[in-house]
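Per-entry structural report
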There are 2 protein chains.
Amino acid sequence: MTIILPEDSSEPLYRQVRNALERAMRNGQFDTVPLPSSRSLAEELGVSRNTVNLAYQEMVAEGLIVAEERVGYRANSAILNEKPVEGDSLLRETRVDWAQRLKRRLDEDLPIIKKDYNWQAYPYPFIYGQVSNSLFPITAWNRALRTSMEYPHVHWSLKDGGSGDDPLLVEQLRTTVLATRGIRATPEEVLVTVGAQHGLFLTARALLRPDDEVAIENPGYPDVAHILAGAGAKLVPVPVDGDGLRVDRIPSSARMVSVTPSHQFPTNVSLSKPRREALLASAHRHDWLILEDDYDAELRYVGRPAPALRAVDPERVIYVGSFSKFLAPGLRMGYVVAPKPLIEQLRLERRYTVRHPPGHIQRALALMILNGDYQRAQRKQRAALREKWELMAKTLKLAFGDSFKAPTGGTSMWVRLPDGVYADQVVAEAAKNGVLIESGASCFSANHPEAQRYIRIGYAAIPVESIVPGLSKLSKVIHEAGRTPNATSTILP
Amino acid sequence: MTIILPEDSSEPLYRQVRNALERAMRNGQFDTVPLPSSRSLAEELGVSRNTVNLAYQEMVAEGLIVAEERVGYRANSAILNEKPVEGDSLLRETRVDWAQRLKRRLDEDLPIIKKDYNWQAYPYPFIYGQVSNSLFPITAWNRALRTSMEYPHVHWSLKDGGSGDDPLLVEQLRTTVLATRGIRATPEEVLVTVGAQHGLFLTARALLRPDDEVAIENPGYPDVAHILAGAGAKLVPVPVDGDGLRVDRIPSSARMVSVTPSHQFPTNVSLSKPRREALLASAHRHDWLILEDDYDAELRYVGRPAPALRAVDPERVIYVGSFSKFLAPGLRMGYVVAPKPLIEQLRLERRYTVRHPPGHIQRALALMILNGDYQRAQRKQRAALREKWELMAKTLKLAFGDSFKAPTGGTSMWVRLPDGVYADQVVAEAAKNGVLIESGASCFSANHPEAQRYIRIGYAAIPVESIVPGLSKLSKVIHEAGRTPNATSTILP
């Protein structure tokens, strides 16, 4: 029960009680329960029972409450809804015109990834971007969180850190996580973020001016397009082929190039060595900055991952990393590695957006890396994903023949549909059969002729035993769709 | 050790090993330790020992490494620093001009709160904005985090939630936290944020156009000034007196009014009832939006807190709440309550800045509220702060006499210095005596004549037994400063 009397009021006490009750009734507190007895309310408010009775009598007279036998008083919602609140008439006079007030979002015309966040309800959730709860190192994470609440860690877990980061996490990132990507960084070149996306956002905010040209991958990560466009950039979609981004198609006038070299989003192809070299050389020639989104380089199952672009060029490459793919996206932990002047600015931008990522999560993650639990979890996660990857590749090859080429890593497969079969149609039909997959359409630029030709099949969250039966159902759906062309589809000629 | 061979390379294997080693040396991996033995490196890389030996021989010939008896090879940093990296000559040619690249921050001229984040090193840390670790409900929080990793909660803790919030937390906010402030809200009117500051940021971003006038409190919260100015607003500082914001001094042309009605930041005065009514009436008259930062309303020790402005006017008031003051700032949890069209836009803005606040923390907080641990912790926190508040008020009254008026709540006291004594001077002298206090200067608009007249004494983090001795030392410092006027001070005439 929440009845609040005004702090200072010249009105008689019973009127104050009456008004507070009216407000509580309007807030719905007594929609389903009766009002309190005068005895208990008097006690609660520290006023006399007589005062409460006076308030109740007045409300009965006004019809605001009605007495009910053996129950007490009930709110009379019919009267409440009609009668204006005392003294509120002025306040009710004007309305805010939100349509006019809200700023136009610069990215409002871009396609949005459609996700079914209720994916656990599907028997075959081939969703991308989620992880399997059973692979998350729950025991180790709980232990790290608990230790982070003990001396001396508790200080770092609870305090307001201003614009600073947890030095232990920065140290672990530098010596362990970044080192495996070949990246060397001083503490002044590292910033912890609320997920990789936060790093992309801060970078765009610090660097992009209205109409700056930014090259993005096409198909590519829709969210980075939103972030860059939201910062005022003019997006230049650049095609992707089997070797990754077509560097030769990037306009020299670009100010920045956004790229996912390890496993291109969404195709999962790796940027080839000649393309990497061409990209870095062109960046120097044309004064481009490179935004390297290295969200899941560790999840490679064949050969070794190439060193990060930032390992080769620490001058022009802004590196964004994430813990979302092999720990959990719900933790929202990421980081940026970039030259010191940029990190300093990102730190200020961060200070006035979220201040800093939660200290408790930073310290727990640092402890997990320090004690090796993180590395063990990563190995376990990679082994489990590798098994799924093999099963996926084998099954998809059977279904699609040589036209399907499995990627060397990642957590999804990008499948080109047979001619005459459209992604939206397949996604909808598959869902009816309990199979959740994603259309590739939102990864393409607007009106791209290939937008409806691809689907994305994620395998990080689905249990391994569901993969083959799920793909078999999907294969049937695609086969059926090919036999009964969608006559009503107006998406493609 | 991190030696990475390129993914695909036409170079002979021994050259690949050599180049990888050179890169590792340049990254400082062998600054202090010798290079690995050829046997262990061959094993690590999965190449023959002969290949490694060839690589080592070539590097010896180039002078890049030197053999040392009984140790092995060591990097020759002198040569490394002089010689350009193979194939890197082009890359080294150009530098980024960061000064030109970085966007000018619109808030760069505003004063910044200076905080000593090493406050625990002071014997008397009268710091504002930090909490006492000993009052944090560690056991209950650990339990809630652990439960959040169990079925069915684990799903909500780990998953990518897109633009959504944890429905359990939203429910607990609505029925418990907001209800105690008299606020009624539908789930569509609530957004969870990474601290209150994130809520202020998203609101500014969604609503403010370049040169929109926004009234702010003077003195006021410097960070909100940064956030509003960063969104392009033209700030209009409005004076504050013993009844809070001088509503009559807000220009009618303002588009938004930023206000801290419960305990004004930094003075801790409460906005009086007539001022509240005038503010809401004027807002309707002039089409202002009200940004209500209600960061610590619960921490009131005399009388009852007045209902939130949003409880009275759900049309024009955007309410921002925080868990920083009575749980911990390091958790970075806050929320916004506002009309549905605005929340929808804030949700989109949030999606492309941080996606969502960490799921694990959302769920654990929800469980703590649900099982009552949160309310118990709040009562304990409030009781402890009340005790400190009494001690602070009593001691400061003794030191400053009737000129000092204790506030009715909050976690700090705002003290006017005697004539001829300046805040920066007192802060510096106090620090020498182990007493950490804050200058009020950064809370005032630029060149404000009163900027050096106030100090802020926070008492949330300091142990209760340190309050009286700390204030006694501070009192001596102020007394001394009054006797020896700071002849070199050029801050004030």
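Thresholds applied
Residues numbered from 1 in each chain as written. Chains lettered and ligands numbered in written order. Predicted model: local features only at pLDDT ≥ 70, side-chain atom pairs only at ≥ 80, totals over all residues. Heavy atoms only, no water. Helix = DSSP H or I, 4+ residues; strand = E, 2+ residues; numbered from the N terminus. Rg over C-alpha atoms; globule rule 2.2 N^0.38 Å. Buried < 20%, exposed > 50% of the residue type's maximum accessible area, 1.4 Å probe, protein only. Contact = heavy atoms within 4.5 Å. Areas by Shrake-Rupley, 256 points an atom, 1.4 Å probe, with all protein chains shown as cover. Lys, Arg positive; Asp, Glu negative; His and termini not counted. Charge placed at Lys NZ, Arg CZ, Asp CG, Glu CD. Salt bridge = Lys/Arg side-chain N within 4 Å of Asp/Glu carboxyl O. Domains from an automatic or database assignment. Buried area = accessible area lost by both parts, 1.4 Å probe. Polar contact = N/O pair within 3.5 Å; in protein donor to acceptor, adjacent residues only side chain to side chain. Nonpolar A, V, L, I, M, F, W, Y, C, P; charged D, E, K, R; others polar. Core = buried A, V, L, I, M, F, W, Y, C linked by side-chain atoms within 4.5 Å. Axes fitted to C-alpha atoms, helices over the stretch in contact; angles between N-to-C directions. Parallel < 35°, antiparallel > 145°, perpendicular 65-115°, else oblique. Pairing = 2+ DSSP bridges. Expected span 1.5 Å × (residues − 1).

Section: the overall build of chain A
- When you go through chain A residue by residue, the secondary structure sums to 17 helices and 15 strands.
- Relative to the compact-globule value of 23 Å for 493 residues, chain A shows a C-alpha radius of gyration of 29 Å, a clear excess of over 25%.
- Overall, chain A is about 85 × 60 × 50 Å in size when its C-alpha atoms are taken along their principal axes.
- The burial tally for chain A puts 60% of its 493 residues in the buried class.
- Intrachain contacts of chain A at a sequence separation of at least 6 include 72% that bridge at least 24 residues.
- Total accessible area on chain A is roughly 19,300 Å²; 51% of this is exposed by carbon and sulfur atoms.
- In chain A, the 61 positive side-chain charges and the 57 negative ones have mean positions that sit 6 Å from each other.

Observations regarding the pattern of salt bridges
- According to the stated counting rule, one finds 64 salt bridges over all chains in the structure shown.
- Between R95 of chain B and E315 of chain A there is a salt bridge whose closest N-O contact spans 3.3 Å. Taken together, the positions of R95 of chain B in the loop between helix 4 (77-82) and helix 5 (98-101) and E315 of chain A in the loop between helix 12 (309-312) and strand 10 (317-322) put the pair across two chains.
- Here E315 of chain A falls in the buried class, since its relative accessible area comes to 13%.

As for the domain arrangement of chain A
- According to the domain assignment, chain A consists of domain 1 (13-97), domain 2 (119-132 + 378-481) and domain 3 (148-371).
- Taken over C-alpha atoms, the centre of domain 1 of chain A sits 56 Å from the centre of domain 3 of chain A.

Some details on the interface of chain B and chain A
- In this complex, chain B contributes 109 residues to the contact, which on the side of chain A involves 109 residues.
- Around 10,400 Å² of area is buried between chain B and chain A when both sides are counted, 53% of it from carbon and sulfur atoms.
- On the chain B side of the interface with chain A, the three residues burying the most area are W98, R101 and Y352 of chain B, jointly 8% of the side's total.
- Across the chain B-chain A interface, the total number found is twelve salt bridges.
- Our enumeration of links across chain B and chain A arrives at 48 residue pairs in polar contact (both at pLDDT 80 or more).
- The class makeup of the residues in the side of chain B that touches chain A is 49 nonpolar, 29 polar and 31 charged.

Some details on the nonpolar core
- One finds F323 of chain A together with F323 and I455 of chain B to be the most contacted residues of the largest nonpolar core, which totals 137 residues.
- Residues L202, Y295 and A441 of chain A together with L228 of chain B belong to the second largest nonpolar core, which totals 81 residues.

Here's the deal with the side chain of N142 of chain B
- Relative to the helices and strands, N142 of chain B is located in helix 6 (residues 138-147).
- Setting aside residues no more than four positions away along its own chain, N142 of chain B makes contact with L145, R146 and M149 of chain A.

Some details on the packing of helix 9 (residues 196-207) of chain A against helix 13 (residues 340-351) of chain A
Residues and elements named next belong to chain A.
- The geometry of helix 9 relative to helix 13 is characterised by a closest axis approach of 9 Å and an angle of 105 degrees between their N-to-C directions. When the interaxial angle is binned, helix 9 and helix 13 end up roughly perpendicular. For the pair helix 9 and helix 13, contact is made by H198, L202, T203, R205, A206 and L207 and by L342, Q345, L346, E349 and R350, respectively.
- In terms of residue class, the contact of helix 9 with helix 13 is made up of five nonpolar, three polar and three charged.

Regarding the sheet that holds strand 12 (residues 412-416) of chain A
All names here are of chain A.
- Pairing is antiparallel across the open sheet formed by three strands, whose spatial order is 12-15-14. The two strands at the open ends of the sheet, each matched to only one other strand, are strand 12 and strand 14 (438-439).
- Pairing analysis gives five bridges linking strand 12 to strand 15 (residues 454-458), with the strands arranged antiparallel. Residue M413 lies in a different strand from strand 15, and its bridge partner there is I457.
- Contacts from helix 15 (residues 373-400) reach strand 12 and strand 15, with the element oriented near 10 degrees to strand 12.

Describing unusual backbone geometry
Residue and element names in this part refer to chain A.
- In this model, N218 is joined to P219 through a cis peptide bond whose omega is 5 degrees.
- Of note, P219 is situated in the loop between strand 5 (213-218) and helix 10 (222-230).
- The peptide bond linking F265 to P266 adopts the cis configuration, its omega dihedral lying at 5 degrees.
- Positive phi is not limited to glycine here, since N268 has a value of about 70 degrees.
- Inspection of the secondary structure puts N268 in the loop between strand 8 (256-259) and helix 11 (273-286).
- A relative accessible area of 2% means that N268 is categorised as buried.
- You will see that D287, though not glycine, has its phi angle at about 60 degrees, which is positive.

Thoughts on helix 1 (residues 13-26) of chain A
All names here are of chain A.
- The end-to-end C-alpha separation of helix 1 is 20 Å, in line with the 20 Å expected for 14 residues at 1.5 Å each.
- Regarding helix 1, the residues found buried are R15, Q16, V17, R18, A20, L21, E22, A24 and M25.
- Backbone geometry just downstream of helix 1 places G28 in the positive-phi region, at approximately 85 degrees.

Focus: helix 16 (residues 423-432) of chain B
Residue and element names in this part refer to chain B.
- Buried within helix 16 are the following residues: A423, Q425, V426, V427 and A430.
- Its buried side turned inward, helix 16 meets strand 13 (435-436), strand 14 (438-439), strand 15 (454-458) and helix 17 (467-483).
- Two residues or fewer past helix 16, G434 is found with a positive phi of approximately 80 degrees.

Overview of the pairing of strand 11 (residues 334-337) of chain A
Residue and element names in this part refer to chain A.
- Residues G334 and V336 point to one face of strand 11 and Y335 and V337 to the other, with burial holding for every one of them.
- Sheet analysis places strand 4 (residues 190-193) next to strand 11, joined by four bridges and oriented antiparallel. Across the sheet, residue V190 finds its bridge partner in strand 11, namely V337.
- Strand direction decides the pairing type here: strand 10 and strand 11, joined by four bridges, are antiparallel. Looking at strand 11, one finds that G321 is bridged to Y335.

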